[in-house]
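A look at the structure
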Amino acid sequence: MINPFKKTYTEREYNIFVFLANMRLFSELNYKQMAHFIPHLHERTYEKDEVVFFRNDPSHALYLLRKGEVSLNIDINDTFEHLTEIKAGNALGESCLLKKAKRQLNAIVSSEKAEFYVIPQENIFSIFEDNIKIKSKMLEALAEIYNEYNTSLFSEYRAASGFFNLQLVYRKD
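Residues numbered from 1 in each chain as written. Predicted model: local features only at pLDDT ≥ 70, side-chain atom pairs only at ≥ 80, totals over all residues. Heavy atoms only, no water.

The next point concerns the packing of helix α3 (residues 121-130) against helix α4 (residues 132-159). One can describe the packing of α3 onto α4 by two numbers: an axis separation of 5 Å at closest approach and a directional angle of 120°. The pairing of α3 with α4 is recorded here as oblique in orientation. Counting all contacts with α3, which are made through Ile127, Phe128 and Asp130, the residues of α4 involved are Ile132, Ile134, Lys135 and Met138. Across the contact of α3 with α4, the residue classes break down as five nonpolar, no polar and two charged. (Axes fitted to C-alpha atoms, helices over the stretch in contact; angles between N-to-C directions. Helix = DSSP H or I, 4+ residues; strand = E, 2+ residues; numbered from the N terminus. Parallel < 35°, antiparallel > 145°, perpendicular 65-115°, else oblique. Contact = heavy atoms within 4.5 Å. Nonpolar A, V, L, I, M, F, W, Y, C, P; charged D, E, K, R; others polar.)

Encoded structure:
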(Lines give C-alpha, C1' and ligand atoms only; values in the text may rest on other atoms or scores of the structure.)
Protein backbone atom coordinates (compact mmCIF):
# COMPACT_ATOMS: atom_id res chain seq x y z
CA MET A 1 0.00 0.00 0.00
CA ILE A 2 1.26 3.48 -0.88
CA ASN A 3 1.58 5.92 1.98
CA PRO A 4 0.22 9.30 0.75
CA PHE A 5 1.94 11.10 3.65
CA LYS A 6 5.43 9.83 2.87
CA LYS A 7 7.76 12.49 1.43
CA THR A 8 8.46 12.07 -2.26
CA TYR A 9 11.49 13.43 -4.07
CA THR A 10 12.12 14.71 -7.57
CA GLU A 11 14.38 12.91 -10.03
CA ARG A 12 17.01 15.62 -9.49
CA GLU A 13 16.87 15.04 -5.71
CA TYR A 14 17.23 11.27 -6.18
CA ASN A 15 20.25 11.87 -8.41
CA ILE A 16 21.79 14.05 -5.73
CA PHE A 17 21.09 11.36 -3.09
CA VAL A 18 22.86 8.74 -5.20
CA PHE A 19 25.80 11.12 -5.69
CA LEU A 20 26.03 11.89 -1.96
CA ALA A 21 25.57 8.27 -0.89
CA ASN A 22 28.75 7.34 -2.78
CA MET A 23 30.78 9.80 -0.69
CA ARG A 24 32.19 8.66 2.60
CA LEU A 25 30.91 11.67 4.57
CA PHE A 26 27.30 11.07 3.50
CA SER A 27 27.27 7.29 3.07
CA GLU A 28 25.58 6.55 6.41
CA LEU A 29 22.81 9.12 5.94
CA ASN A 30 19.38 8.19 4.64
CA TYR A 31 17.53 10.21 2.00
CA LYS A 32 15.56 12.16 4.57
CA GLN A 33 18.81 13.19 6.27
CA MET A 34 20.52 14.02 2.96
CA ALA A 35 17.56 16.16 1.97
CA HIS A 36 18.59 18.74 4.61
CA PHE A 37 21.63 19.57 2.46
CA ILE A 38 19.84 20.07 -0.87
CA PRO A 39 18.78 23.71 -0.30
CA HIS A 40 22.41 24.53 0.54
CA LEU A 41 24.09 22.97 -2.51
CA HIS A 42 25.55 25.77 -4.60
CA GLU A 43 26.76 24.80 -8.05
CA ARG A 44 30.16 26.21 -8.94
CA THR A 45 32.35 25.70 -12.00
CA TYR A 46 36.12 26.25 -12.05
CA GLU A 47 38.42 26.35 -15.08
CA LYS A 48 41.79 24.60 -15.54
CA ASP A 49 44.49 25.89 -13.16
CA GLU A 50 41.95 27.83 -11.10
CA VAL A 51 42.53 27.60 -7.35
CA VAL A 52 39.71 26.07 -5.33
CA PHE A 53 41.51 26.93 -2.09
CA PHE A 54 44.99 27.53 -0.72
CA ARG A 55 46.72 26.05 2.32
CA ASN A 56 45.98 28.12 5.43
CA ASP A 57 42.73 29.53 4.01
CA PRO A 58 39.87 29.34 6.50
CA SER A 59 37.90 26.16 5.92
CA HIS A 60 34.49 27.70 5.28
CA ALA A 61 32.96 25.27 2.77
CA LEU A 62 32.75 21.64 1.72
CA TYR A 63 33.41 20.99 -1.99
CA LEU A 64 31.75 17.97 -3.63
CA LEU A 65 33.41 17.29 -6.99
CA ARG A 66 30.76 16.41 -9.59
CA LYS A 67 32.91 16.49 -12.75
CA GLY A 68 36.57 16.95 -13.49
CA GLU A 69 39.77 16.52 -11.50
CA VAL A 70 41.55 18.53 -8.84
CA SER A 71 45.21 18.36 -7.91
CA LEU A 72 46.10 18.45 -4.22
CA ASN A 73 49.53 19.76 -3.42
CA ILE A 74 51.54 21.34 -0.65
CA ASP A 75 53.77 24.35 -0.97
CA ILE A 76 57.32 23.93 0.32
CA ASN A 77 59.88 26.72 -0.04
CA ASP A 78 58.23 28.44 -3.02
CA THR A 79 57.52 25.18 -4.88
CA PHE A 80 54.47 22.97 -5.05
CA GLU A 81 54.80 19.27 -4.34
CA HIS A 82 52.05 17.27 -6.03
CA LEU A 83 50.34 14.81 -3.67
CA THR A 84 47.37 13.34 -5.53
CA GLU A 85 44.55 13.86 -8.02
CA ILE A 86 40.98 13.94 -6.75
CA LYS A 87 38.43 12.61 -9.23
CA ALA A 88 34.71 13.27 -9.58
CA GLY A 89 32.59 11.78 -6.82
CA ASN A 90 34.87 12.85 -3.99
CA ALA A 91 34.77 15.57 -1.36
CA LEU A 92 37.39 18.26 -0.75
CA GLY A 93 37.76 20.39 2.33
CA GLU A 94 36.31 18.00 4.90
CA SER A 95 38.00 20.08 7.59
CA CYS A 96 35.09 22.53 7.31
CA LEU A 97 33.19 20.14 9.60
CA LEU A 98 35.47 21.41 12.37
CA LYS A 99 35.22 24.90 13.86
CA LYS A 100 38.06 27.30 13.10
CA ALA A 101 39.88 24.79 10.87
CA LYS A 102 42.26 25.91 8.15
CA ARG A 103 43.06 24.21 4.86
CA GLN A 104 46.06 21.90 5.03
CA LEU A 105 46.65 21.65 1.28
CA ASN A 106 46.24 23.59 -1.94
CA ALA A 107 43.52 22.45 -4.34
CA ILE A 108 43.89 23.43 -8.01
CA VAL A 109 41.75 22.31 -10.95
CA SER A 110 43.80 20.01 -13.19
CA SER A 111 41.14 19.12 -15.78
CA GLU A 112 39.76 21.54 -18.40
CA LYS A 113 36.84 22.26 -16.10
CA ALA A 114 35.61 21.10 -12.68
CA GLU A 115 32.03 21.24 -11.44
CA PHE A 116 31.23 21.24 -7.75
CA TYR A 117 28.42 21.35 -5.29
CA VAL A 118 29.63 23.70 -2.55
CA ILE A 119 28.06 23.64 0.91
CA PRO A 120 28.93 26.59 3.15
CA GLN A 121 30.17 25.71 6.63
CA GLU A 122 27.51 27.85 8.31
CA ASN A 123 24.79 25.77 6.63
CA ILE A 124 26.45 22.53 7.70
CA PHE A 125 26.66 23.74 11.30
CA SER A 126 23.02 24.82 11.19
CA ILE A 127 22.02 21.33 10.01
CA PHE A 128 24.19 19.81 12.76
CA GLU A 129 22.50 21.96 15.45
CA ASP A 130 19.06 20.66 14.52
CA ASN A 131 20.04 17.07 13.66
CA ILE A 132 22.40 15.41 16.11
CA LYS A 133 22.22 12.07 14.25
CA ILE A 134 23.44 13.69 11.04
CA LYS A 135 26.24 15.40 12.95
CA SER A 136 27.35 12.22 14.70
CA LYS A 137 27.31 10.14 11.49
CA MET A 138 29.27 12.71 9.52
CA LEU A 139 31.82 13.37 12.27
CA GLU A 140 32.30 9.62 12.69
CA ALA A 141 32.99 9.37 8.94
CA LEU A 142 35.43 12.30 9.23
CA ALA A 143 37.22 10.56 12.12
CA GLU A 144 37.55 7.40 10.00
CA ILE A 145 38.96 9.43 7.09
CA TYR A 146 41.49 11.15 9.36
CA ASN A 147 42.42 7.83 10.97
CA GLU A 148 43.18 6.39 7.53
CA TYR A 149 45.32 9.45 6.71
CA ASN A 150 47.25 9.00 9.98
CA THR A 151 47.71 5.28 9.36
CA SER A 152 49.11 6.01 5.90
CA LEU A 153 51.34 8.78 7.24
CA PHE A 154 52.87 6.56 9.92
CA SER A 155 53.27 3.69 7.49
CA GLU A 156 55.18 5.92 5.08
CA TYR A 157 57.24 7.35 7.94
CA ARG A 158 58.29 3.84 9.03
CA ALA A 159 59.08 2.87 5.43
CA ALA A 160 61.26 5.96 5.03
CA SER A 161 63.18 5.15 8.23
CA GLY A 162 62.04 8.34 9.89
CA PHE A 163 63.60 10.92 7.57
CA PHE A 164 61.72 13.80 9.22
CA ASN A 165 61.29 14.75 12.86
CA LEU A 166 57.94 13.25 13.79
CA GLN A 167 58.32 14.54 17.37
CA LEU A 168 57.40 17.97 16.08
CA VAL A 169 53.89 16.70 15.30
CA TYR A 170 53.30 16.12 19.00
CA ARG A 171 54.64 19.33 20.47
CA LYS A 172 52.11 21.43 22.36
CA ASP A 173 53.09 25.05 21.86
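The discussion continues.
Here we come to the environment of Lys7. Residue placement: Lys7 occurs in the segment before α1 (11-21). Judged by relative accessible area, which is 52%, Lys7 ranks as exposed. Put simply, Lys7 and Lys32 are 25 residues apart on the chain and 8.4 Å apart in space, counted from C-alpha to C-alpha. (Buried < 20%, exposed > 50% of the residue type's maximum accessible area, 1.4 Å probe, protein only.)

For the rest of this paragraph, the subject is the environment of Glu43. Topologically, Glu43 is positioned in strand β1 (residues 42-47). Setting aside chain neighbours within four positions, we find Glu43 in contact with Arg12, Arg66, Phe116 and Tyr117.

Ordered by their spatial adjacency, four strands build an open sheet running β2-β7-β4-β5, and the pairing between neighbours is antiparallel. In this open sheet, the two edge strands, each paired with only one partner strand, are β2 (51-53) and β5 (79-87). Pairs of neighbouring strands in the sheet enclose a mean axial angle of 30°, with direction left out of account. By the bridge criterion, two bridges tie β2 to strand β7 (residues 106-109) in an arrangement that is antiparallel. Following the sheet pairing, Val51 is matched in β7 by Ile108. (Pairing = 2+ DSSP bridges.)

Across a regular strand the side chains alternate sides, sitting on one face of the sheet and then on the other. The element strand β3 (residues 61-67) is extensively covered by neighbouring structure, given that five of its seven residues are classed as buried. Two strands pair when backbone bridges link them, and β3 and strand β8 (residues 113-120) are joined in this way by six bridges, in the antiparallel orientation. Bridge pairing links Tyr63 to Val118 in β8. Strand direction decides the pairing type here: β3 and strand β6 (residues 91-92), joined by two bridges, are antiparallel. Residue Tyr63 lies in a different strand from β6, and its bridge partner there is Leu92.

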